[in-house]
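Letter by letter, the chains look like this.
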Amino acid sequence: MKKVAAIALAVLLAAGSLPGAQAAYREELPFVFDSRPTYAAGGLVECITREDNGLDTPHVYTRDGEHYVLSEPTAQEVLVGGYICAQLPQDGKWTVFRPDGGRALAGAYDRVDVYGDMAFGWIGSWHPPGFFLGKAEVFDLKAGEKLLPGAYDLISAYQDGKLLSTAYYTGPAPDGTLQDVRQMWDADGNDVTAALGYTVDGALVDGYLRVRSVDTGKFGVVDAQGNVCVPMQYDAIGDANGQGAIAVRRDGEWQSWGAVRIADGSQVVPVAYTRLDMLPGDIIAGKGEGWVRDADGNPVTLFDSYGRQIPADGCDACSGRYGGVIYVQKGGALQGIDTGGNVLVGPVKGGFLSFCVEGYDVVLIGRYGESDGGMIVGKDGTVLAPFDTAALGSVWEHVVELQDYQTAEYRMVYSDGTPFPASADVRQVDDIHAADGWVLYRDYEQKTAWITGLDGTPLIPKGVFTDLGEFGDYYFPRAVGGDRTVAPAFVARNQDGKYGTVVVEADVSAQARAAMRTVLPLAMHYSLPRPLGGCVGRMLAQYP
């Protein structure tokens, strides 16, 4: 099972040509690296090196494949935007260097986060399963100066350090007890808490922030420019979905949940439910309305992200929408309905979704009490394989691999049942980005990998490279709406064992849309930076 994820990656390096190339791809990074490149920025390249102790360690190189020498010895280095986070060998602490090799951060810390030109230096320790406990100091890397006074238990940067920061420390309350004190600063280090009238409680989707009023303690939402979008009048702000709806709660005689538009606070679902679930496929499910507070014993009420109620009379639960089908439980049976309440799948007595992934078209329906088999259902309720006829293999967004129980043969189909035109043995298919129009094949016996379009047209021919993989932390071939802004980039290893990167230049996006017939809309989400050793710092944009 493979899921598409992405990072905005702009590699503006000189292009060359490869022997045997047919204008479908070009060389981006030269084939001079002994280890796999993972990231490139500012003329430098980060590669993962297998050390003598068996650990994979990042190091920074020039475009010519030479190890980039900093002003002092380091144990490992990580590219973060225009800076280099490095671990010092003498004590294992982390610091930050400029691209010229000099120190950007005078001190060394147990963990370093970099956001734009802002750095957080943390003093503390990591705890299983990956939590860091400690205090952070904040620095302006361009000026080389401490930006904020003191050290903080929690501090976060929003909008890549260009908008606001929020932090809290534990201090005395008026009654002498300890309390969490939150403050807000701008990127110049000015305390703007009073002027704003709120503190940030957390990041949401698309640059929106959950905020809390300094005066009332109520919650609301602001956008990336600090404009109030959802008034600070709610007792809690919950999850948002990919179509701009967000859950809100009011505490009165009972706690009641509803949903509003994140952009302007207009009502989507009345604030009247004991429980409100933001489900896959942008379905909203409410239970326990009015004075009936037993949410588990009442039917579910379904809405779309614009407040239109979906007929689902008597349904006890909902799993969300996959491939255009909304799966609900009714009277001990699973069934799939459309937005008009019409039954598309089932009902399946004792049925449940044993496999489902948000953003994917295909689900596997199992039955309670049966350990084997299942029914495979695709887009719009198309049955790809009835019960006990085929096993579910690899699954991509719009393509699925099936193995026939009787013949043991493999086949691949689109989620509407149309055969997928694999240009080789389907067992050699390693990855498919159907929305971007390419298929990656891998032959382990012959030690080669190659890429074709969806129709089998060679993009990177077989036999040129021994290995191919997506380049960067997360692959970024397209922008919101499905149009590519960056050509597909791959890290490759040539027959001499050297690594470089290649870019597919063939415009396959139109072909991909035609082959798929429907390209699902994409919604941008922001995730927290990932830890790498003691260093965190790349803001990731994910496209489910």
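The following paragraphs examine the structure supplied in this document.

Definitions and cut-offs
- Residues numbered from 1 in each chain as written.
- Predicted model: local features only at pLDDT ≥ 70, side-chain atom pairs only at ≥ 80, totals over all residues.
- Heavy atoms only, no water.
- Helix = DSSP H or I, 4+ residues; strand = E, 2+ residues; numbered from the N terminus.
- Buried < 20%, exposed > 50% of the residue type's maximum accessible area, 1.4 Å probe, protein only.
- Contact = heavy atoms within 4.5 Å.
- Areas by Shrake-Rupley, 256 points an atom, 1.4 Å probe, with all protein chains shown as cover.
- Pairing = 2+ DSSP bridges.
- Salt bridge = Lys/Arg side-chain N within 4 Å of Asp/Glu carboxyl O.
- Axes fitted to C-alpha atoms, helices over the stretch in contact; angles between N-to-C directions.
- Phe/Tyr/Trp six-rings, centres within 6.5 Å; stacked < 30°, edge-to-face > 60°.
- Lys NZ or Arg CZ within 6 Å of the ring centre and 35° of its normal.
- Core = buried A, V, L, I, M, F, W, Y, C linked by side-chain atoms within 4.5 Å.

1. So, the overall build of the protein chain
Across its full length, the protein chain carries two helices and 46 strands. Counting all 544 residues of the protein chain, 51% fall into the buried class. Long-range pairs, those at least 24 residues apart, make up 37% of the contacts in the protein chain between residues at least 6 apart in sequence. Total accessible area on the protein chain is roughly 24100 Å²; 50% of this is exposed by carbon and sulfur atoms.

2. Considering the pairing of strand S5 (residues 76–80)
Across the five residues of S5, five count as buried, placing the element largely inside the fold. Strand direction decides the pairing type here: S5 and strand S6 (residues 83–87), joined by five bridges, are antiparallel. When the bridges of S6 are listed, glutamine 76 appears paired with glutamine 87. In sequence, S5 turns back onto S6 through a hairpin of two residues, with glycine 81 there showing a positive phi of about 60 degrees.

3. With respect to the pattern of salt bridges
Tallied over the entire structure, the rule returns 18 salt bridges. With its nearest N and O atoms 2.5 Å apart, the salt bridge here joins glutamate 28 to arginine 26. Residue class for glutamate 28 comes out buried when judged on its relative accessible area of 5%. With a relative accessible area of 22%, arginine 26 lands in the partly exposed category. A salt bridge links aspartate 467 to arginine 36; the shortest N-O distance between them is 2.6 Å. With aspartate 467 in strand S40 (residues 458–470) and arginine 36 in strand S2 (residues 36–41), this residue pair connects regions lying 431 residues apart in the sequence.

4. A few points about the sheet that holds strand S42 (residues 499–504)
Spatially, the seven strands line up as an open sheet ordered S1-S42-S41-S40-S39-S38-S37, and their pairing is antiparallel. A strand with exactly one partner marks an edge of an open sheet, and here the two such strands are strand S1 (25–27) and strand S37 (429–433). For this sheet, the mean angle separating the axes of adjacent strands, direction not counted, is 45 degrees. Looking at chain direction, S40 and strand S41 (residues 489–494) are connected through five bridges and run antiparallel. Opposite glutamate 470, over in S41, you have phenylalanine 490 as the bridge partner.

5. Points about the packing of aromatic side chains
All chains considered together, the criterion is met by 13 aromatic pairs. Measuring from ring centre to ring centre gives 6.5 Å for phenylalanine 33 and tyrosine 61, while their planes differ by 80 degrees; the resulting arrangement is edge-to-face. Within this pair, whereas phenylalanine 33 is found in the loop between S1 and S2, its partner tyrosine 61 is found in strand S4 (residues 56–62), the two being separated by 28 residues in sequence. A single burial state applies to phenylalanine 33 and to tyrosine 61, both of which are buried. An aromatic cluster of three or more residues is present, and its members are Tyr25, Phe31 and Phe465. Between arginine 367 and the ring centre of phenylalanine 387, over which it is positioned, the NZ or CZ distance is 3.7 Å. Above the face of the tyrosine 410 ring, arginine 427 is positioned so that its terminal group lies 3.9 Å from the ring centre.

6. Overview of the sheet that holds strand S17 (residues 219–222)
With antiparallel pairing, four strands are arranged side by side in an open sheet as S15-S16-S17-S18. Of all strands in the sheet, those bounded by a partner on one side alone are strand S15 (198–203) and strand S18 (228–234). Going from strand to strand, the sheet's axes swing by 25 degrees on average, the running direction of each strand aside. Pairing of strand S16 (residues 209–213) with S17 involves four bridges; the strand directions are antiparallel. Across the sheet, the residue bridging to arginine 212 is phenylalanine 219, located in S17.

7. Quick notes on the pairing of strand S9 (residues 118–127)
With five bridges connecting them, strand S8 (residues 111–115) and S9 associate as antiparallel partners. Its bridge partner being in S9, valine 114 is matched across the sheet by alanine 119. Here S8 folds back onto S9 in antiparallel fashion, the turn holding two residues, of which glycine 116 has a positive phi close to 65 degrees. Bridging between S9 and strand S10 (residues 131–140) involves 10 bridges; their strand directions are antiparallel. Paired with alanine 119 across the two strands is phenylalanine 139, which belongs to S10. What sits between S9 and S10 in their antiparallel hairpin is a turn of three residues, with glycine 130 showing a positive phi close to 135 degrees.

8. Points about the nonpolar core
Residues Ile451, Ile460, Phe465, Leu468, Phe490 and Val502 are the most contacted members of the largest nonpolar core, which totals 15 residues. Within the residue set of this core, elements represented by two or more residues are strand S38 (438–443), strand S39 (448–453), S40, S41 and S42. Tallying contributions element by element places S40 first for this core, with four residues. Excluding anything up to four places from it in sequence, leucine 468 contacts Leu440, Arg442, Ala449, Trp450, Ile451, Ile460, Phe490, Val491, Ala492 and Val502. In terms of nonpolar packing, the next biggest core, distinct from the first, is built from 14 residues, Val80, Tyr109, Phe139 and Leu141 among them.

No statement about biological role is implied by the geometric values presented.
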